[in-house]
Amino acid sequence: MEKMNKPLTKNIRPDRAFATLADYESTGGYQGLRKAITGLQPKDVQQWVKDAGLRGRGGSGFNAGLKWSLVPMDANVPQTRYLIANADEMEPGTFKDRMLMEQDPHQLIEGMIIAAYAIQANTAYIFLRGEYHLARRRLAYALLEARSKGYLGEQVLNSAFSMEIVLHTSAGRYICGEETALLNALEGKRATPRAKPPFPLVTGLWGKPTIVNNVETLCNVPHILHYGVEWYQGLGRGVDKGTKLFGASGRVKYPGLWELPMGIPIREVIEKYAGGMRDGYKLRGFLPGGASTDFLLPEHLDVVLDYEAVAKAGSRLGTGTIIVLDDQTCPVQMVLNLEQFFAQESCGWCTPCRDGLPWTVTLLKDILAGKGRIEDLDTLAGLTRMLAPGNTFCALAPGAMEPLQSALKYFRDDFERYIVGSHAIMEPA
Amino acid sequence: MKKQVFEGLSPAEIKEINAETSHYEDKAAVSIEALKIVQKYRRWVSDDCLIAVAELLDISPTQLEAVATFYNLIYRQPVGKTVIHYCNSVTCWMLGSDQIQERLCRHLNVGLGEMSTDGEYTILPIVCLGACDHAPVAMVGDELRLDLTENAVNEIFGR
Ligand SMILES: Cc1cc2nc3c(=O)[nH]c(=O)nc-3n(C[C@H](O)[C@H](O)[C@H](O)COP(=O)(O)O)c2cc1C
Ligand code: SF4
Ligand code: FES
């Protein structure tokens, strides 16, 4: 029972080998599915997951069961529905879904079958990032195993419910992770986002109601069904429920990924699990949940990792993987690296993002080259407003502005140093 | 190099592409898979191949080109037998990906995107490979190489 407080990683072994079907079953695997399919109505499954308080782990934090309950399911609507596991993990600094898929593929598969049952979808897709070759091989193998044991295919566990899972591998483009762009990508179109509304859960893949959930979100589902709502709620330390994969990368002593209760203080992740900073380096700040979250400072170390708590501190929980900024890395250069990523990955569909991100990059490069003027900082601040939520077609551009706006706030001196410095150089000796 | 005449997609390619279509509501949906199948056999997607795939899927070459050029992993120019994708996203950058790129390019005497003279390698940047706890990293062919150091050349090309 010792491992019961780590449901997501209980099968994950240090040697990076993967849990086969037999391994997975030996620790309670597919019991949640059995319970759902033999004893619960789809609506009950939705309710369990909603009551458990499982919030989307792909960045949005939307209650998964609540999302499922909004799918039209009456007898008089079209009966084709789809479920999609969003496995496009490409946000810089994020490395959690890869581990889940490579080392315990059945956990995702079971979560998908239960989710598909809950919305009565007979086809599900895993939208896997093209670079994740090992995950592809292991998932493909696990899908065969699951089919051969009757967990997938016609009449799952001899019930009236049939379903198939198709493994789709993408070809590398960050925007495909945005759920409506993902739908276009899956239909073989250029992956630009779609207007919302209509939301995918009403009009999604090929116009059919479609639920898109993150890999980690789906991996939580089997345990909620197997061990129950109360047990799941008991896992969180703060307001939010359950456990989550939290990680740290950068110049910490032991970069890594750990399954920890929601609501754990950031300090504990960085100091206890990641072992604090490497010798000779000091903590300057961090992005708490991937490249598209606002910087926080050492003074925020006692903020707890709950969705609202991190938002109140001025950032987002995001993907839960912390990128650490040390005192010997220039925050302006770091922001340039981030903005280059976003500018490159912009799909080019809407003007503010298509033009605004390259402009941001140019300004940052000029500043770093000593060619910046103090007004450029106002221009950059103006761009963060121009690309704010609501002004662009999707959340890529606003996400890109988060590290920039917070860097301008917290590290303004570093920006000014390049500017003042350049003036000093030009002064006659 | 002698110019190869395009003789159409091979039976194996056509078979694999057609097998994929059963998983989707329409044929256009297999565009990316089809391009990747072609690439598996030919390393890159030439104009001739693109047109042949478009015909097979009943879509216009322009539509397929719009898809092909959208993705980082579809090559519309010849690449080496093994493509080395080094991660240049934030954590790897912080821990030295620029130097790694320089060392690899110098070792092969190529610029980014060029093929080494023996046709073996091409070096390209790639976004975060989801292994930031082992930064800096690269993907050599299908394989991740973690925790690269200043000996990246040895670590990647063997001793
Ligand atoms: C530019 C962009 C990229 C995204 N990439 C991913 C991704 O790789 N994986 C993911 O699960 N969600 C990603 N999302 C969020 C999805 O749009 C969607 O909210 C999520 O898959 C829903 O799953 P959840 O409710 O289980 O979190 C991205 C969003 C944006 C705007
Ligand atoms: S915000 Fe950027 S990525 Fe999103 S639709 Fe507009 S151009 Fe495309
Ligand atoms: S930043 Fe290089 S693997 Fe994530």
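Residues numbered from 1 in each chain as written. Chains lettered and ligands numbered in written order. Predicted model: local features only at pLDDT ≥ 70, side-chain atom pairs only at ≥ 80, totals over all residues. Heavy atoms only, no water.

(A) Spotlight on the overall build of chain A. Scanning chain A for helices and strands turns up 17 helices and 8 strands. Here the C-alpha atoms of chain A give a radius of gyration of 23 Å, agreeing with the 22 Å that 2.2 N^0.38 yields for 429 residues. Considered along the principal axes of its C-alpha atoms, chain A spans approximately 85 × 45 × 35 Å. In chain A, which comprises 429 residues, the proportion classed as buried is 63%. Taking the contacts inside chain A whose residues are at least 6 apart along the sequence as the reference set, 71% of them involve residues at least 24 apart. Put simply, chain A shows about 15800 Å² of open surface, and 53% of that area lies on carbon and sulfur atoms. Positive and negative charge centroids in chain A, built from 47 and 47 side chains respectively, lie 3 Å apart. (Helix = DSSP H or I, 4+ residues; strand = E, 2+ residues; numbered from the N terminus. Rg over C-alpha atoms; globule rule 2.2 N^0.38 Å. Buried < 20%, exposed > 50% of the residue type's maximum accessible area, 1.4 Å probe, protein only. Contact = heavy atoms within 4.5 Å. Areas by Shrake-Rupley, 256 points an atom, 1.4 Å probe, with all protein chains shown as cover. Lys, Arg positive; Asp, Glu negative; His and termini not counted. Charge placed at Lys NZ, Arg CZ, Asp CG, Glu CD.)

(B) Up close: the site of ligand 2. The full set close to ligand 2 counts 13 residues, and C347, W349, C350, C353 and C394 of chain A are the nearest of them. Here the shell around ligand 2 is built from residues that sort into 10 nonpolar, 3 polar and no charged. (Near = heavy atom within 4 Å. Nonpolar A, V, L, I, M, F, W, Y, C, P; charged D, E, K, R; others polar.)

(C) Local environment of the domain arrangement of chain B. The domains assigned to chain B are domain 1 (11-70) and domain 2 (82-156). A separation of 28 Å is found between the C-alpha centroids of domain 1 of chain B and domain 2 of chain B. (Domains from an automatic or database assignment.)

(D) Highlighting the packing of aromatic side chains. One pass over the structure, following the stated rule, counts 20 aromatic pairs over all chains. Ring geometry for W349 of chain A and F393 of chain A: centres 6.3 Å apart, planes at 55 degrees, overall tilted. Here F393 of chain A lies in the loop between α15 (374-386) and α16 (396-410) and W349 of chain A lies in the loop between α13 (331-345) and α14 (351-368), a separation of 44 residues in the sequence. For the ring pair Y410 of chain A and F411 of chain A, a centre distance of 6.5 Å and an interplane angle of 65 degrees mean the geometry is edge-to-face. On the basis of relative accessible area, F411 of chain A is assigned to the buried category, the value being 2%. Connected via pairs of aromatic rings, a cluster forms that spans Y82, Y125 and W206 of chain A together with Y24 of chain B. A cation sits over an aromatic face here: R173 of chain A above F70 of chain B, 4.3 Å from the ring centre. The positively charged end of R417 of chain A is found above the aromatic ring belonging to Y418 of chain A, 5.7 Å away from the centroid. (Phe/Tyr/Trp six-rings, centres within 6.5 Å; stacked < 30°, edge-to-face > 60°. Lys NZ or Arg CZ within 6 Å of the ring centre and 35° of its normal.)

(E) Representation of the pattern of salt bridges within the structure. All names here are of chain A. For the structure on display, the rule yields 38 salt bridges over all chains. Between D15 and R13 there is a salt bridge, with the nearest N and O atoms lying 3.3 Å from each other. Across the pair R412 and E416 runs a salt bridge, and its minimum N-O distance is 2.9 Å. One end of the pair is R412 and the other is E416, both in helix α17 (residues 412-426) and 4 residues apart, which spans about a single turn. Taking relative accessible area as the criterion, E416 reaches 24% and is therefore assigned partly exposed. What emerges from the salt-bridge pattern is a single network uniting K96, D97, E216 and K244. (Salt bridge = Lys/Arg side-chain N within 4 Å of Asp/Glu carboxyl O.)

(F) A look at the interface of chain A and chain B. Every contact between the two is made by 58 residues of chain A and, on the other side, 38 residues of chain B. With both chains or domains summed, chain A and chain B bury close to 3700 Å², and 57% of this area falls on carbon and sulfur atoms. Of all residues in chain A, A171, R190 and N337 of chain A give up the largest surface area on contact with chain B, accounting jointly for 15% of the area buried on that side. Remark: the boundary between chain A and chain B carries 3 salt bridges. Between R136 of chain A and D142 of chain B there is a salt bridge, and its shortest N-O distance comes to 3.9 Å. Connecting chain A to chain B are 19 residue pairs in polar contact (both at pLDDT 80 or more). For the side of chain A that touches chain B, the secondary-structure elements that each account for two or more residues are α7 (133-148), β3 (164-169), α8 (179-186), β5 (243-249), β6 (256-261), β8 (321-326) and α13 of chain A. Of the residues assigned to the side of chain A that touches chain B, the class counts are 25 nonpolar, 17 polar and 16 charged. (Buried area = accessible area lost by both parts, 1.4 Å probe. Polar contact = N/O pair within 3.5 Å; in protein donor to acceptor, adjacent residues only side chain to side chain.)

(G) Here's a closer look at the pairing of β5 of chain A. Residues and elements named next belong to chain A. Of all 7 residues in β5, 7 are buried, a share of seventy percent or more. Residues T243, L245, G247 and S249 line one face of β5 and the alternating positions K244, F246 and A248 line the opposite face, and both faces are buried. As paired elements, β5 and β6 share 6 bridges and run antiparallel to each other. Bridge pairing in β6 links F246 to W258. The antiparallel hairpin formed by β5 and β6 contains 6 residues in its connecting segment, where G250 sits at a positive phi of about 115 degrees. Inspection of the sheet shows β5 paired to β8 by 3 bridges, in the parallel sense. (Pairing = 2+ DSSP bridges.)

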